[in-house]
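What follows is the residue order along each chain.
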Amino acid sequence: MSYQVIDVLGDVGLRAEGRSCEECFINAGLGLYSLITDLNLIEQKETKEFELSAETLEDLLVSFLNELIFIFDTSGFIGNSIEVDIENNIIKVKIHGEVFDPKKHERRLLVKAATYHNLVVKQENNHWIAEIIFDI
Amino acid sequence: MPKIDGTVRIDSYRIQIPKGFVSGMRTDGIVYVDEILEEELEVDSVRQVANVATLPGIVGNSLAMPDIHTGYGFPIGGVAAFNVDEGIISPGGVGYDINCGVRLLRSNLTRKDVESKLEDLANLLYTHIPSGVGSTGKIKLAPKDAEDVVRKGAIWAVEQGYGEADDLQRIESNGCLEGADPDVISQKAYERGKAQQGTLGSGNHFLEVQYVADVYEPEVATAMGLFKGQITVMIHSGSRGFGHQICDDYVRFMLQSSKKYRIELPDRELACAPFKSPEGQRYFSAMKGAANYAWANRQCLMHWTREVFLKLFKLSPRELGMKVVFDVAHNIAKEELHTVNNKKMRLIVHRKGATRAFPKNHPELPDCYQDIGQPVIIPGDMGRASFVLVGLEKAMQETFGSTCHGAGRVLSRNQAIKQAKGRSIKQEMAERGIIVRAAGKETLAEEMPDAYKDISNVVDVVHNAGIAKKVVKLKPLGVIKG
């Protein structure tokens, strides 16, 4: 598991890592989902797919995470496995999961949005790091 | 010695952040804190007050209230006014939860009437008020309804039978900002808002049954219909996913606008556009729509609260007497008339985690509060207290008619969870005579009283600084958390 919570006073932040940019984005997505509920209780019953583009990788990360929040907020769909393909600041995403059921799934945080506050997406040697703060 | 290098204490309740604290500041920053709260000040939030002072068209000082903490772009507790002709409007100066706010209801019931039924009351409210992650409301908005909510706000809710026309006069701006345009709001926002009208949300949002514990200004309290021992209900909620999506959409949109109008940003979350530009007006109109959604939301939540009380106590609406004291916005930008250096100016006032606090005789106040001033409702944490204050003339002179909005956190959510380990917050609260119901397993730990500043300290700063006056203190009896 390559994501961890960053302590932020008012809200919550995540630091995600990966051997590739894709892995880093996947971990950021899974980290976000883990803020909402316990990933172990999610069954992979459905797959959702979407595609996004942005000017920079930083913008792409914010848009990607905000899309996950949007999908959860509108359909309740949440996953515990994510596939991504990133090329020329275009991301193709596949999520495997199911619709959130308060009787079955733990209710953790209601995440409103991914923000640009202290946003980091960087490569160090062959290692990718992303830091993101969420408004909750 | 100032806690943060470069700041200067002006008096017992204010510190100054002089021009030059960050480069490009057009004016000074002022933070309302006493020496106790200054100890808890974060450098990041002070820098955010200074960053706001760099934005074009700022009038007066860049301000922050004593419940200040670090936000995005603007700090929480931030107040800043911009000239409508040369100034900007920024979604970061309003926040993600547009028109998050509080409504206070009074009743004819006293503590004695309620205490024996408190458990039943908490359970009934918990089942009737949709709350928590993944909850949807009883209202499903068809596209036409959503447009009506955007245009009419709380008036829409009253038209649908949620509450009475009489409620509207005691809501800031009568529960509706004119000029909201449904067409400048994205389909994504409508999607998110479709099933969330009439829902409480989560995090620090709550519905609380309280009693009036102390009365400081008997005459003002009486004018608000408040008396010692009386049962009140406080509802803290906002525009839910609808407002969050509008903020998200417009922060991205404004990043482009800032480039277009060559506005230098010390922080991307300060993305903005000139107020009078098409982009600025577009956001303002969308923001009004979200503000109206939030007022409709609190109106619906209040209606179901009244129904629960009527059912449980088997009273008629007249006997119950559950009336709105006032409903205030916390996260909003409003076009207002202010006097600056003896000159009347139209300003776009941003209040992010701050409450409007207009004094008596202000033309925007309803008739019932013309002689006393605007009720200011300040929620604390779920264990200690909340306060009702009233706006004072000095707020018009110093803070564009604004004051604080709540306690502000001292512990991060993680720290709170760690400190609560091995403890039952629910049990601890029960021992203090407070019944809590929460949807999330960790919510109670994150929201425990120790996670917040002592609201009494925060309120004392604005009271002693003379921008709002304490009227009554409210103590919690039953709390519903998302």
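All values derive from a computational prediction rather than experimental measurement.

Attention shifts here to the overall build of chain A. In terms of helices and strands, chain A carries 2 helices and 8 strands. Sequence-ordered secondary structure for chain A, helices as α and strands as β, is β-β-α-β-α-β-β-β-β-β. In terms of overall size, chain A behaves like a compact globule, its C-alpha atoms giving a radius of gyration of 14 Å where 136 residues would be expected to give roughly 14 Å. Counting only C-alpha atoms and orienting by the principal axes, one finds that chain A spans roughly 45 × 35 × 25 Å. Of all 136 residues assigned to chain A, the portion counted as buried reaches 59%.

A pair of packed helices can be characterised by two numbers: the angle between their axes and the separation between those axes. Residue and element names in this part refer to chain B. Direction vectors running N to C along helix α10 (residues 240–260) and helix α11 (residues 278–313) enclose 170°, while the axes themselves pass 10 Å from each other. As the angle between them shows, α10 and α11 are arranged roughly antiparallel. Each of Arg240, Phe242, Gly243, Ile246, Tyr250, Phe253, Met254, Ser257 and Lys260 in α10 lies in contact with α11, whose residues at this interface are Glu279, Gly280, Arg282, Tyr283, Ala286, Gly289, Ala290, Tyr293 and Asn297. By residue class, the composition of the contact of α10 with α11 is 9 nonpolar, 5 polar and 4 charged.

Time to look at the sheet that holds strand β4 (residues 77–87) of chain A. All names here are of chain A. Strand order in the open sheet formed by 3 strands is β3-β5-β4, and the pairing between neighbours is antiparallel. Since the sheet does not close on itself, it has two edges, and those belong to β3 (46–53) and β4, each with one partner. Taking each pair of neighbouring strands and ignoring which way they run, the sheet shows an average axis angle of 20°. Sheet contacts for helix α1 (residues 21–36): β4 and β5 (90–99); angle to β4, the most-contacted strand, approximately 160°. Contacting β3, β4 and β5, helix α2 (residues 57–75) crosses the sheet at an angle of about 145° to β3.

Turning our eyes to something else, we now look at the nonpolar core. Grouped together as the largest cluster of nonpolar side chains are 139 residues, with contacts concentrated most on A:Leu61, A:Phe64, A:Leu65, A:Ile82, A:Phe134, B:Leu121 and B:Phe309. When residues no more than four places from it in sequence are discounted, the contact partners of A:Phe134 are A:Asp11, A:Val12, A:Leu14, A:Leu32, A:Leu35, A:Leu65, A:Ile69, A:Val111, A:Ala113, A:Ala114, A:Thr115 and B:Tyr72. Counting 79 residues, the second-largest nonpolar core is a separate cluster that includes B:Ile15, B:Val31, B:Val340 and B:Met382.

Moving on: unusual backbone geometry. Residues and elements named next belong to chain A. The residue Asn88 is not glycine, and still its phi comes out positive at about 50°. Note on placement: Asn88 falls in the loop between β4 and β5. Judged by relative accessible area, Asn88 falls into the exposed class, the value being 71%. Phi angles above zero are rare outside glycine, and Asn125 is one such case at about 55°. Within the secondary structure, Asn125 sits in the loop between β7 (120–124) and β8 (127–135). Since its relative accessible area comes to 73%, Asn125 is described here as exposed.

Before going further, it helps to spend a moment on the packing of aromatic side chains. Residue and element names in this part refer to chain B. Under the counting rule described, the total for this entry stands at 14 aromatic pairs over all chains. Taking 6.1 Å as the distance between ring centres and 80° as the angle between the ring planes, the aromatic pair formed by Tyr72 and Tyr96 counts as edge-to-face. Here Tyr72 is found in the loop between β4 (58–69) and β5 (76–83), whereas its partner Tyr96 is found in the loop between β6 (88–89) and β7 (101–110), with 24 residues between them in sequence. In this structure Tyr72 comes out as buried when scored by relative accessible area, which is 4%. For Tyr96, a relative accessible area of 3% translates into the label buried.

Let's shift gears to the pattern of salt bridges. Counted under the stated rule, the structure contains 43 salt bridges over all chains. Put simply, B:Glu159 and B:Lys152 hold a salt bridge, and the shortest N to O gap is 2.9 Å. B:Lys152 sits in the partly exposed class, given a relative accessible area of 29%. Notably, a salt bridge pairs B:Lys194 with B:Glu191, separated by 3.4 Å at the nearest N-O pair. A residue is classified by how much of its surface remains accessible, and B:Lys194, at 38% relative accessible area, is partly exposed. If you follow the salt bridges from partner to partner, you end up with A:Glu43, A:Lys45, A:Glu98 and A:Lys104 in one network.

Residue and element names in this part refer to chain B. The buried fraction of helix α2 (residues 43–52) is high, at 7 of 10 residues. Looking only at α2, the buried set comprises Ser45, Val46, Gln48, Val49, Ala50, Asn51 and Val52. On its buried side, α2 packs onto β2 (14–17), β3 (29–32), β4 and β5.

With that settled, the discussion passes to the layout of surface pockets. Estimated volume of the largest pocket: approximately 380 Å³. If you trace the largest pocket, you find 18 residues lining it, with A:Val5, A:Ser34, A:Leu35, A:Arg108 and B:Glu442 closest to the centre. Elements with a minimum of two residues in the lining of the largest pocket: β1 (3–7) and α1 of chain A together with α14 (413–420) of chain B. At 4 residues, the largest contribution of residues to the lining of the largest pocket is made by β1(A). Partitioned by chemical class, the residues of the lining of the largest pocket number 8 nonpolar, 4 polar and 6 charged.

All right, on to the pairing of β4(A) then. Both faces of the sheet carry side chains from a regular strand, because those side chains alternate between them. All names here are of chain A. Across 10 bridges, the pairing between β4 and β5 is antiparallel. Note on β5: the bridge partner recorded for Glu87 is Ile90. Between β4 and β5, which pair antiparallel one after the other, the connecting turn spans 2 residues, and Asn88 there sits at a positive phi close to 50°.

Attention now moves to the interface of chain A and chain B. Tallying the contact residues gives 36 residues for chain A and 45 residues for chain B. Summing both partners gives a buried area of about 3300 Å² for chain A against chain B, and 51% of it is carried by carbon and sulfur. Considering only the side of chain A, the residues that lose the most area to chain B are A:Leu9, A:Arg107 and A:Tyr116, jointly responsible for 24% of the buried surface there. Across the pair B:Asp97 and A:Lys112 runs a salt bridge, and its minimum N-O distance is 3.6 Å. The tally of links from chain A across to chain B stands at 12 residue pairs in polar contact (both at pLDDT 80 or more). Breaking the side of chain A that touches chain B down by element, the ones donating at least two residues are β1, α2, β6 (113–114) and β8 of chain A.

Let us now look at the pairing of strand β15 (residues 375–378) of chain B. Residues and elements named next belong to chain B. Here β15 shows a buried face lined by Pro375 and Ile377 and a second buried face lined by Val376 and Ile378. Where β15 lies against strand β16 (residues 386–391), 4 bridges are found, and the strand directions are antiparallel. Residue pairing for β16: Ile378 is matched across the bridge by Phe387.

All names here are of chain B. Two elements in contact, helix α5 (residues 143–152) and α11, have axes separated by 6 Å at closest approach and are oriented at 95°. It follows from the interaxial angle that α5 and α11 lie roughly perpendicular. Taking contact as the criterion, the partners of Val149, Val150 and Arg151 in α5 are, on α11, Gly289, Asn292, Tyr293 and Ala296. Residue composition of the contact of α5 with α11, grouped by class: 4 nonpolar, 2 polar and 1 charged.

Rules used throughout
Residues numbered from 1 in each chain as written. Chains lettered and ligands numbered in written order. Predicted model: local features only at pLDDT ≥ 70, side-chain atom pairs only at ≥ 80, totals over all residues. Heavy atoms only, no water. Helix = DSSP H or I, 4+ residues; strand = E, 2+ residues; numbered from the N terminus. Rg over C-alpha atoms; globule rule 2.2 N^0.38 Å. Buried < 20%, exposed > 50% of the residue type's maximum accessible area, 1.4 Å probe, protein only. Axes fitted to C-alpha atoms, helices over the stretch in contact; angles between N-to-C directions. Parallel < 35°, antiparallel > 145°, perpendicular 65-115°, else oblique. Contact = heavy atoms within 4.5 Å. Nonpolar A, V, L, I, M, F, W, Y, C, P; charged D, E, K, R; others polar. Pairing = 2+ DSSP bridges. Core = buried A, V, L, I, M, F, W, Y, C linked by side-chain atoms within 4.5 Å. Phe/Tyr/Trp six-rings, centres within 6.5 Å; stacked < 30°, edge-to-face > 60°. Salt bridge = Lys/Arg side-chain N within 4 Å of Asp/Glu carboxyl O. 1 Å grid on protein atoms, 1.4 Å probe; cavity = no way out; pocket = protein on both sides within 12 Å on 5 of 7 lines; lining within 4 Å. Points joined across faces, edges and corners; volume = space filled by probe spheres on them. Buried area = accessible area lost by both parts, 1.4 Å probe. Polar contact = N/O pair within 3.5 Å; in protein donor to acceptor, adjacent residues only side chain to side chain.

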